[in-house]
Amino acid sequence: MNTKRSEELYSKAKNYFPGGVNSPVRAFRSVGGTPRFIAKGKGSKIWDADGNEFLDFCASWGPLINGHAHEDVVNAISTTAANGTSFGAPTELENHLAELILSNNPYIEKMRFVSSGTEAVMSAIRLARGASGRKKILKFEGCYHGHSDSLLVKAGSGLVTFGNTSSAGVPEEFVKETVVVPLDNEAAVEAAFKEFPNEIACVIIEPIPANNGLLLQRKEFLTFLRDICTRNGAYLLFDEVISGFRVGFTGAAGLYGIRPDIITYGKIIGGGLPVGAYGASAQLMSNISPEGGVYQAGTLSGNPVAMAAGIAQLSLCLQKDFYTNLEAKTKAFTATIRNYAAQKNYTLRIFETGSIFWIAFSNDEAIRTAEAIDPKSMEKFRVLYHYLLENGIYLGPSGYEVGFISSVHTEDELKRASEIFCAGLDRVFAS
Ligand SMILES: *Cc1c(COP(=O)(O)O)cnc(C)c1O
């Protein structure tokens, strides 16, 4: 495969950006090799700067549930942009997108649009702290919530710990307000509430943790979180930046039938443009400025072009049987690979929910915690990754990342892709 142009562009980019990229995972550090510079996307496919074609399972890390450059989304963007791209004043399009979401989602009553998932979570945490008058937050090892200071914290040693910062530049004082516990562990959460009575403002979780493998949680664990938050006057915050509009229009809240106090969205909500959102009951949202004392603002919040893209995308998602079809396609795809691996006795599991899948080189029936992922298994992923890339399949360049299937991946494409995956496994296990 010719990668000359990508190599040239990457070496130029290194003069402009740290590591040559504007977001670290794009640099291919965990799989090695040259990141492909993407020139174009259409439907389920992308083309790199050298003209190589790939079937795309990265989907820009989740947002593109209807594939690249969907006609409805592109039309909405161009029509709207022709009438001006930003006003810093309210527009009708914000009402439309909010109406579309709120009238189809019983879990939130009011919302705020922001410009990224990070911003949504950061604002939601401020809301939880502002409304509760408490300082601490509780998060789980293995969940990602964007790059704001109080969330760049990983577990220290011990069951209930103040985390260690996972980034230079995050003051220890911030880290002290973030308690980190393992997923799938009721005792750890109980111990945290016992150690910090009346101090925890909120428990934040990806109800479907999908940023560090796909660590599917037991429903009982999520229900337990709901109960312990209620009993202790803490808010339960579902970070649905990936799972929202992905596993169903109402996300994980709808899938599990659990009502969190605050929900954050991102990725799919903006149709591929930069949009995030957070929502809660009307009463809780009344704490947000200018109604209440919790300040939160944004020059480009509710941007009309982004709103139009979101409306177009979510309208497609609301079509009859949209999620049922997507899930059926995903199941058929993963089943082929799973059956092949079983027949060959390969050490492999595929975990999936809705149209999200994750390949783990493990024999464990369930992987529910970050700790249960064997870092050594990533060597196998590297081999698989490059085999797939060479054969026209694009995944996110890390074995800790999940894959996404879109509504425009055809059954034929998925069948062919599953065959390439199987051949890739032969390569992995031959070495
Ligand atoms: C992607 C993601 C974020 C951060 O969103 P950005 O738009 O990248 O800032 C936060 N939480 C979860 C669960 C995510 O998947």
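What counts, and at which threshold
- Residues numbered from 1 in each chain as written.
- Predicted model: local features only at pLDDT ≥ 70, side-chain atom pairs only at ≥ 80, totals over all residues.
- Heavy atoms only, no water.
- Helix = DSSP H or I, 4+ residues; strand = E, 2+ residues; numbered from the N terminus.
- Rg over C-alpha atoms; globule rule 2.2 N^0.38 Å.
- Buried < 20%, exposed > 50% of the residue type's maximum accessible area, 1.4 Å probe, protein only.
- Areas by Shrake-Rupley, 256 points an atom, 1.4 Å probe, with all protein chains shown as cover.
- Lys, Arg positive; Asp, Glu negative; His and termini not counted.
- Charge placed at Lys NZ, Arg CZ, Asp CG, Glu CD.
- Axes fitted to C-alpha atoms, helices over the stretch in contact; angles between N-to-C directions.
- Parallel < 35°, antiparallel > 145°, perpendicular 65-115°, else oblique.
- Left-handed = near helix turned anticlockwise from the far one by under 90°.
- Contact = heavy atoms within 4.5 Å.
- Nonpolar A, V, L, I, M, F, W, Y, C, P; charged D, E, K, R; others polar.
- Near = heavy atom within 4 Å.
- Polar contact = N/O pair within 3.5 Å; in protein donor to acceptor, adjacent residues only side chain to side chain.
- Pairing = 2+ DSSP bridges.
- Domains from an automatic or database assignment.
- Buried area = accessible area lost by both parts, 1.4 Å probe.
- Salt bridge = Lys/Arg side-chain N within 4 Å of Asp/Glu carboxyl O.

Asks: How should the overall build of the chain be read in this particular structure?
Replies: When you go through the chain residue by residue, the secondary structure sums to 13 helices and 17 strands. The C-alpha radius of gyration computed for the chain amounts to 21 Å, which stays within 12% of the reference 22 Å derived for 431 residues, consistent with globular compactness. Evaluated residue by residue, the chain yields a buried proportion of 54% over its 431 residues. Element-wise, carbon and sulfur atoms account for 50% of the exposed surface of the chain, whose accessible area totals about 18500 Å². Distance between charge centroids for the chain: 3 Å, based on 41 positive and 45 negative side chains.

Asks: Sorry if this is basic, but what is going on with the packing of helix α11 (residues 322-343) against helix α13 (residues 411-430) here?
Replies: Packed helices, taken two at a time, are described by the angle between their axes plus the distance between the axes. Orientation of α11 relative to α13, taken along the N-to-C sense of each, is 25°, at an axis distance of 9 Å. The orientation of α11 relative to α13 falls into the category roughly parallel. Here α11 runs over α13; the crossing is right-handed. Contacts between α11 and α13 involve K329, F333, T336, I337, Y340 and A341 from the first element and E411, L414, A417, S418, F421, C422, L425 and D426 from the second. Along the lines of polarity and charge, the residues of the contact of α11 with α13 split into nine nonpolar, two polar and three charged.

Asks: Please clarify how the site of the ligand should be interpreted in this entry.
Replies: Every residue close to the ligand is listed here: S116, G117, T118, Y144, H145, G146, E206, N211, D239, V241, I242 and K267. At a separation of 2.6 Å, an oxygen atom of the ligand approaches a polar side-chain atom of T118. Residues of the shell around the ligand, tallied by class, amount to three nonpolar, six polar and three charged.

Asks: Explain the sheet that holds strand β5 (residues 136-141) here, please?
Replies: In any sheet, the strands associate via hydrogen bonds between backbone groups, in a parallel or an antiparallel arrangement. The mixed open sheet is built from eight strands, whose spatial order is β4-β13-β12-β11-β10-β5-β9-β7. The sheet is open, and its two edges are formed by β4 (110-114) and β7 (161-162), each paired on a single side. Of the pairings in the sheet, the one linking β7 to strand β9 (residues 178-182) comprises two bridges and is antiparallel in character. Paired with T161 across the bridge in β9 is V180.

Asks: Which parts of the structure should I look at to understand the domain arrangement of the chain?
Replies: In many reports, interface size means the accessible area that the parts give up when they come together. As far as domains go, the chain holds domain 1 (4-69 + 320-430) and domain 2 (71-317). Averaged C-alpha coordinates put domain 1 and domain 2 at centres separated by 25 Å. Contacts between the two partners involve 25 residues from domain 1, matched on the other side by 30 residues from domain 2. The contact between domain 1 and domain 2 buries some 2400 Å² in all, and 62% of this surface belongs to carbon and sulfur atoms. Looking only at domain 1, the three residues that lose the most surface to domain 2 are P63, Y323 and R368, adding up to 27% of its buried area. In this structure, the connection of domain 1 to domain 2 is made through zero salt bridges. Secondary-structure elements contributing two or more residues to the side of domain 1 that touches domain 2 are α11, β14 (349-353) and β15 (356-360). Broken down by element, the residue count for the side of domain 1 that touches domain 2 peaks at three residues, all from β14. A breakdown of the residues in the side of domain 1 that touches domain 2 according to their chemical character gives 17 nonpolar, five polar and three charged.

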